[in-house]
Amino acid sequence: MGRSPLLLLFLISLSLAIITRSQNSNPQNITSVNIGALYTYNSIIGRAARLAIELALEDVNSDRTILPNTKLNVISQDTNCSGFLATIEALQVLEKKVVAIIGPQSSGGSHILSHVANSLQVPLVSFSATDPTLSSLEFPYFLRATRSDQFQMRAIADIVEFFQWREITAIYVDDDYGRNGIAALGDELALRRAKISYKAAFAQAVDLTEITDLLLRVNLMESRVYVLHVNPDSGLTVFSVAQKLGMTGPGYVWIVTNWLAAVLDSKGFGIGYGYKSVDTDPKVLNLIQGSIVLREHTPDSDLKMKFVSRWRKKMGNTATVSGLNAYSLYAYDSVWLVAHAIDQYLKTNANRINFSTDPRLHDVNGSTLSLAVLKIFNGGEGLLQNLLRTNFTGVTGQLQFGPNRDLIRPAYDIINVVSTGPRLIGYWSNYSGLSVVSPEILYQKPQNLSGQSRRLYNVMWPGGTTQKPRGWVFPNNGQPLRIGVPNKASFKQFVSSESNDGSDGNASNASGFCVDVFNAAIKLLPYPVPCSFILIGNGTVNPNNDDMVKMIAQNELDAVVGDVAIVKNRTKIADFTQPYIEAGLVIVAPVKHDSSSAWAFLKPFTLPMWFVTGAFFLFVGVVVWILEHRTNEEFRGKPREQVATIFWFSFSTMFFAHRQNTVSVLGRFVLIVWLFVVLIITSSYTASLTSILTVQQLSSGIKGLDSLLASHDPIGYQVGKFTKNYLVEELNIPESRLVPLNTIEEYADALTRGPRWGGVAAIVDENPYVEIFLSNYCNFRVVGQEFTREGWGFAFQRDSPLAVDLSTAILTLSESGELQRIHDQWLNSHGRCSSENTDSSEDTDTESNRLSLSSFWGLFLICGVVCVLALIIYFIKICLQFKRYYNKRKENESASVRPLVNKPKPLSCLAIFKDWIDFVDTKEADLEKKSGQVKTSITKKSSDNGSQTSQIPID
């Protein structure tokens, strides 16, 4: 009995300890679940989100298919657009053991609270925080039920590329949302060879004076394409100031991110919702008319229409004046997203939720923060995985996360604001880019991201114009364009510069072919471009064009106007206009006149050509004689006369002066073919001989590029040109062989002295310089062919729009003939040498004018085949005639012999051959006459024999 009270006390203590431990470690069945909601109540996004969350909560708790035995509670807190207050409000929500938080609304608050969520393992599901950096691995417990600005900036970059702009100005709020969004835009533009030329950032709390100063600085820049990335509650203020400064008129482009779509939708200007608010203000449309606005694309569906209908009914029963926008839809779906994840979590965890104390969070002595009330959600990782695996269709479409924890199939509506309101001009999706076809249709087709498939409907731009703005103007900052002009020591026809005081660096007057072309092109631009020419070089040594182009890349010059060739290494650091003159490299060498030769008439043909031509003349003469001998009296006679006829007929056909007429068909056919061959040969001979006798024949040790490379003689080049680099890097010529030259006089002196006397064997330079040089010095010529193909252009800084506009102007000058007129004015001045001598295309190698057998073997082959075929046909015909003749004669001879007499002996082969020769040599008419006489004689002889026989008595 004495031990019973002690045992009872021990059992009671043990039970209490077990119960206490059970309460701390084992969860209980859950009948309600708390989730938090953090947003700014008094904001465009917050007002719309608040009503959407209320509607979603009603729908979730009334739906028995999800959380059937559990009530979902939403604990909302107002963050008041403050990151600090958002943190405090979040901690107050977290101490109420919430398993997830809808929000925060801002990207800045999401950055701060994501660290808290990581520690307490409470997922954050934001419907409006679009900062792209929130998708990083640093924030594993942050998810967004909306689209990341990474995709929105990609869409804007595609729009900029579609309209062929190269520079934009970014105007944005200077916080995490603004900075990181514009950084993503810069990356996307860089992929399309465009850039942000100026970033104009302002703080959230800013007055009109600061915005005015900011936009004044923006208006001084050359870009007129503005991307406005600010908050919905302050964005219209920027437009209001811009309108007062005249920055919403013609020539300007405003591309606005989705904040403006939220404002328009909330004010009743939205399209696609079937909703019209009573708070429509036409002044808003006047501010933003002509703007291009992006809005999250949400496909039409029955769920969406039902939600819009409930929204309209709810609006009739509440005092709120906020309209529906895309953030409302995403807030609604966020609640459903969390509800689906919690429902799946409770099913897999026996309908229990467990929190535990973080030993790192404890109350400090003297502190009233009560950090110990913050608990770790032990099922946070499991709930997060359920969120990532969630896949259902909401009012915004399919909600499913991809591998990078962003919602799949991001898409945007592209809206153009006109006087009557917003107008849909197309879509953008990450699947197909820009298109006028809705993404839902394109998802059913193969992916096509080619430029040809991109399209938008016509845009009404600011100022009411439909013509696409150029996108930039010359900067109105009072600074003229810094134009570098080479101060050359020679070839003043191309660039001639003088300064007022003779000092370097100040050019008051610049002229020459290159400068005149530039000035003429500048006059064709539809806007003024003030220019300041700056001399580069001292006038005694030609400046290096590579160094001048590098000055552009280093922002020491805006452009270079001069004889600057467009070559590979320069295009890497500067942009060039369309070439305005061709300037390939050629070789100039000293030459001497060839003395006239008495045998020049033999040069048109090579020796094999002469031999084959003569042989064919004789061959054709023999063939025609054979074909005509038996039928044509003109080809008969004594053997000596017939040989003379063959030679005369053969060579007289060269001049078409043959007197013998051909009467046989085969002879005429062969003669026609041969006369055609003779016509081609004589015409070619005449042309070649004319070229040889009229073109001045020159000789030089250097015949072209191959002989130049094979030699070891010095080579001259013009100082400052790309020629040296080309010879060394491309042709692998040792630099020790290269001799720098500056003036025309140095050219002539070096070539005249030659390699033996300290000069050069040849000079390699661009064709325009060579034409000037050869017009004044007659003892030098271009040898070989032009071996590079480049041109001269005006160099500008990278991505300068002036390069594009001046290229168009140069093409206009070329088409109108003005470019040729300027060329003739400066470069067609006649020097001491005739134009014939200065023709750079003249071929100084006699061999190139000679005609070889390879050019005519086809003609000879045709003629030979025709002759052989004619002979074959002729001999077949002769053989048949001889056979008939021989058989007939044999029959006649047999008939002339009496039957009682012995048969005649057969003829030998030699006798037959003699008969054959006699038959062939006999004229066909004589042969027929002879055959008739033989036949008559035989008949007469036969009759006489018959008479004698009748007189013989028969025994």
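The following paragraphs examine the structure supplied in this document. For clarity, every value in this text was computed on a predicted model and none was experimentally measured.

**Regarding the overall build of the chain**
No. 1: For the chain, the count of helices and strands is 29 helices and 33 strands.
No. 2: Within the chain, buried positions represent 49% of all 955 residues.
No. 3: Across the chain, contacts joining residues at least 24 apart in sequence account for 74% of those joining residues at least 6 apart.

**With respect to the packing of helix α8 (residues 235–244) against helix α9 (residues 258–266)**
No. 1: At a closest axis distance of 10 Å, the pairing of α8 and α9 adopts a crossing angle of 95°. With respect to each other, α8 and α9 are oriented roughly perpendicular. Here α8 contributes G235, L236 and F239 to the contact with α9, which in turn contributes W259, L260 and V263.
No. 2: Its residues placed into classes, the contact of α8 with α9 shows 5 nonpolar, 1 polar and no charged.

**A look at the sheet that holds strand β28 (residues 715–718)**
No. 1: What the 5 strands build is an open sheet, ordered β29-β28-β30-β25-β31; its pairing is mixed. Looking along the sheet, the strands with just one partner apiece sit at the ends: β29 (738–741) and β31 (780–783). Each neighbouring strand pair of the sheet contributes to a mean axis angle of 35°, computed without reference to strand direction.
No. 2: Across 2 bridges, β28 lies against strand β30 (residues 762–766) in parallel orientation. Its bridge partner being in β30, I715 is matched across the sheet by A762.
No. 3: Here helix α24 (residues 767–774) sits on the sheet in contact with β25 (585–590), β28, β30 and β31, set at roughly 125° to β30.

**Some remarks on the pairing of strand β7 (residues 195–202)**
No. 1: Inspection of the sheet shows strand β6 (residues 167–173) paired to β7 by 7 bridges, in the parallel sense. Each residue of the ladder has a partner; that of I171, found in β7, is A200.

**Considering the environment of H229**
No. 1: With respect to the secondary-structure elements, H229 resides in strand β8 (residues 225–229).
No. 2: Using a relative accessible area of 0% as the deciding quantity, one classes H229 as buried.
No. 3: Separated by 56 residues in sequence, H229 and V173 place their C-alpha atoms 6.8 Å apart.

**Overview of a nonpolar patch on the surface**
No. 1: Judged by side-chain polarity, F619, W857, L861, V865, V868, L869, I872, I876 and L880 come together as a nonpolar surface patch covering roughly 840 Å² of accessible area.
No. 2: It is helix α27 (residues 857–895) that provides the largest number of residues to the nonpolar patch, a total of 8 residues.
No. 3: Structurally, the position occupied by I876 is in helix α27.

**Some details on the packing of aromatic side chains**
No. 1: In total, this model carries 30 aromatic pairs according to the counting rule given.
No. 2: Ring plane angle 35° and centroid distance 5.3 Å describe the contact between F355 and F377, whose orientation is recorded as tilted. Linking F355 in strand β11 (residues 355–357) with F377 in strand β12 (residues 375–377), this pair joins segments that are 22 residues apart in sequence.
No. 3: The class of F355 is buried, set by a relative accessible area of 16%.

**Some points on the pairing of strand β13 (residues 391–394)**
No. 1: Side-chain alternation along β13 places F392 and G394 on a buried face and N391 and T393 on a face that remains uncovered.
No. 2: Bridge analysis of β13 against strand β14 (residues 397–400) gives 4 bridges, and the strand direction is antiparallel. If you follow F392 over to β14, its bridge partner there is L399.
No. 3: Hairpin remark: β13 followed by β14, antiparallel, with 2 residues in the connecting loop.

**Overview of the sheet that holds strand β4 (residues 124–126)**
No. 1: Pairing is parallel across the open sheet formed by 5 strands, whose spatial order is β2-β1-β3-β4-β5. Two strands close off the open sheet at either side, each with one partner strand: β2 (71–78) and β5 (142–144).
No. 2: Bridge analysis of strand β1 (residues 32–39) against strand β3 (residues 101–102) gives 2 bridges, and the strand direction is parallel. Across the sheet, residue G36 finds its bridge partner in β3, namely I101.
No. 3: Here helix α2 (residues 44–62) sits on the sheet in contact with β1, β2 and β3, set at roughly 170° to β2.
No. 4: Sitting on the sheet, helix α4 (residues 107–120) is in contact with β1, β4 and β5, with an inclination near 155° to β4.

**Examining the packing of helix α12 (residues 326–348) against helix α13 (residues 380–389)**
No. 1: At a minimum axis separation of 8 Å, α12 and α13 run at an interaxial angle of 125°. Considered as vectors, α12 and α13 are oriented oblique to each other. For the crossing formed where α12 meets α13, the hand is right-handed. Contact with α12, carried on its side by L337, V338, A341, I342, Q344 and Y345, involves G382, L383, N386 and L387 of α13 and no other residues of that element.
No. 2: Each residue belonging to the contact of α12 with α13 can be placed in one class, and the counts come to 7 nonpolar, 3 polar and no charged.

**Quick look at the environment of Q825**
No. 1: Mapped onto the secondary structure, Q825 falls in helix α26 (residues 818–827).
No. 2: Residues Q825 and F513, spaced 312 residues apart in sequence, show a C-alpha to C-alpha distance of 8.1 Å.

**Structural notes on unusual backbone geometry**
No. 1: G103 connects to P104 through a cis peptide bond whose omega is 0°.
No. 2: With respect to the helices and strands, P104 occurs in the loop between β3 and α4.
No. 3: Phi at Q164 is positive, roughly 60°, even though this residue is not glycine.
No. 4: Within the secondary structure layout, Q164 lies in the loop between α5 (149–162) and β6.
No. 5: Take Q164: its relative accessible area is 61%, and that puts it in the exposed class.
No. 6: With a phi close to 55°, R409 is a non-glycine residue in the positive phi region.
No. 7: Inspection of the secondary structure assignment puts R409 in the loop between β14 and β15 (411–418).
No. 8: A residue is classified by how much of its surface remains accessible, and R409, at 45% relative accessible area, is partly exposed.

So, how was this worked out
- The residue numbers shown here count from 1 along each chain, following its written sequence.
- pLDDT decides what is reported in this predicted model: residues at 70 or higher carry local features, side-chain atom pairs at 80 or more are listed and counted, and totals for whole chains, interfaces and linings draw on all residues regardless.
- Side-chain numbers here rest on the full set of heavy atoms in the structure, without hydrogens or water.
- Secondary structure is summarised from DSSP: a helix means a run of H or I of at least four residues, a strand means a run of E of at least two, and numbering begins at the N terminus for each.
- Each residue is assigned to one of three classes by its accessible area relative to the maximum for its type, calculated with a 1.4 Å probe on protein chains only: buried under 20%, partly exposed between the two thresholds, exposed over 50%.
- In what follows, a contact means two residues having at least one pair of non-hydrogen atoms within 4.5 Å.
- A fitted line through C-alpha atoms serves as each axis, taken over the contacting stretch for helices, and the angle formed by two N-to-C directions is quoted from 0 to 180°.
- Roughly parallel covers angles under 35 degrees, roughly antiparallel covers those over 145, roughly perpendicular covers 65 to 115, and oblique covers all other angles.
- By the convention adopted, Pro, Cys, Tyr, Trp, Phe, Met, Ile, Leu, Val and Ala count as nonpolar, Lys, Arg, Asp and Glu as charged, and the other residues, Gly among them, as polar.
- Following DSSP output, two strands are said to pair if at least two bridges run between them.
- What goes into a patch is any residue over 30% in relative accessible area without a salt bridge, connected to like charges within 9 Å or, for nonpolar side chains (Val, Leu, Ile, Met, Phe, Trp, Tyr), within 5 Å.
- Each accessible area is a Shrake-Rupley estimate made with a 1.4 Å probe; only the visible protein chains count as cover when residues are assessed.
- By definition, a salt bridge exists where a carboxyl oxygen of Asp or Glu is found within 4 Å of a side-chain nitrogen of Lys or Arg.
- Pairing of aromatic rings covers Phe, Tyr and the six-membered ring of Trp, with a centre-to-centre limit of 6.5 Å; geometry is then stacked below 30 degrees between planes, edge-to-face above 60, and tilted otherwise.
- Two helices cross in a left-handed way if the nearer one is turned anticlockwise from the farther one by less than a right angle. They cross in a right-handed way if the turn is clockwise.

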